[in-house]
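# Observations on chain architecture
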Amino acid sequence: MKRLLICDDQEIVCAGLQRILETDPQLSIAGIAHNGEEAVELAASLKPDLVLMDLKMPVMNGVQAIRRIRVSQPKLPILVLTTY
């Protein structure tokens, strides 16, 4: 089973992604982050198999969060999902 971390500041987006992804029996949602700083913290503590990252978030944007995650987890796959 693959554990996912969803990172997006819009609650409705997070809830929608969670509902869609949970229909796959091979996926589980490890956590949800609503800003970049929280994404970095949860990636470190939860050790997910994949991160779904929005780019425009408060506190720290997605690009900054990805850079920080890469320092401690350089092989962690990060998929960028954005409306840009």
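Right above here is the structure, for reference.
A quick note: this is a predicted structure, and the numbers were derived from the prediction, not measured.

The pairing of strand S1 (residues 2-7) with strand S2 (residues 27-33) spans 6 bridges and is classified as parallel. Across the sheet, the residue bridging to leucine 5 is glycine 31, located in S2. Across 4 bridges, the pairing between S1 and strand S3 (residues 50-53) is parallel. Looking at the pairing, leucine 4 lines up with leucine 50 of S3.

Below, the discussion takes up the layout of surface pockets. There is about 200 Å³ of room inside the largest pocket. Every residue lining the largest pocket is counted, 14 residues in all, and those nearest its centre are Asp8, Gln10, Asp54, Thr82 and Thr83. Of all the elements in the fold, those that place two or more residues in the lining of the largest pocket are helix H1 (11-21) and S3. Looking at the lining of the largest pocket, its residues break down into 7 nonpolar, 3 polar and 4 charged.

A word on helix H2 (residues 36-46). Listed as buried for H2 are Gly36, Ala39, Val40, Leu42 and Ala43. Buried residues along H2 sit against S1, S2, S3 and helix H3 (62-72). One side-chain oxygen at the N-terminal end of H2 lies 3.0 Å from the backbone nitrogen of glutamate 37; it belongs to asparagine 35. Backbone geometry just after H2 places lysine 47 at a positive phi near 50°.

Procedures and definitions
- Residues numbered from 1 in each chain as written.
- Predicted model: local features only at pLDDT ≥ 70, side-chain atom pairs only at ≥ 80, totals over all residues.
- Heavy atoms only, no water.
- Pairing = 2+ DSSP bridges.
- Helix = DSSP H or I, 4+ residues; strand = E, 2+ residues; numbered from the N terminus.
- 1 Å grid on protein atoms, 1.4 Å probe; cavity = no way out; pocket = protein on both sides within 12 Å on 5 of 7 lines; lining within 4 Å.
- Points joined across faces, edges and corners; volume = space filled by probe spheres on them.
- Nonpolar A, V, L, I, M, F, W, Y, C, P; charged D, E, K, R; others polar.
- Buried < 20%, exposed > 50% of the residue type's maximum accessible area, 1.4 Å probe, protein only.
- Contact = heavy atoms within 4.5 Å.
- Polar contact = N/O pair within 3.5 Å; in protein donor to acceptor, adjacent residues only side chain to side chain.

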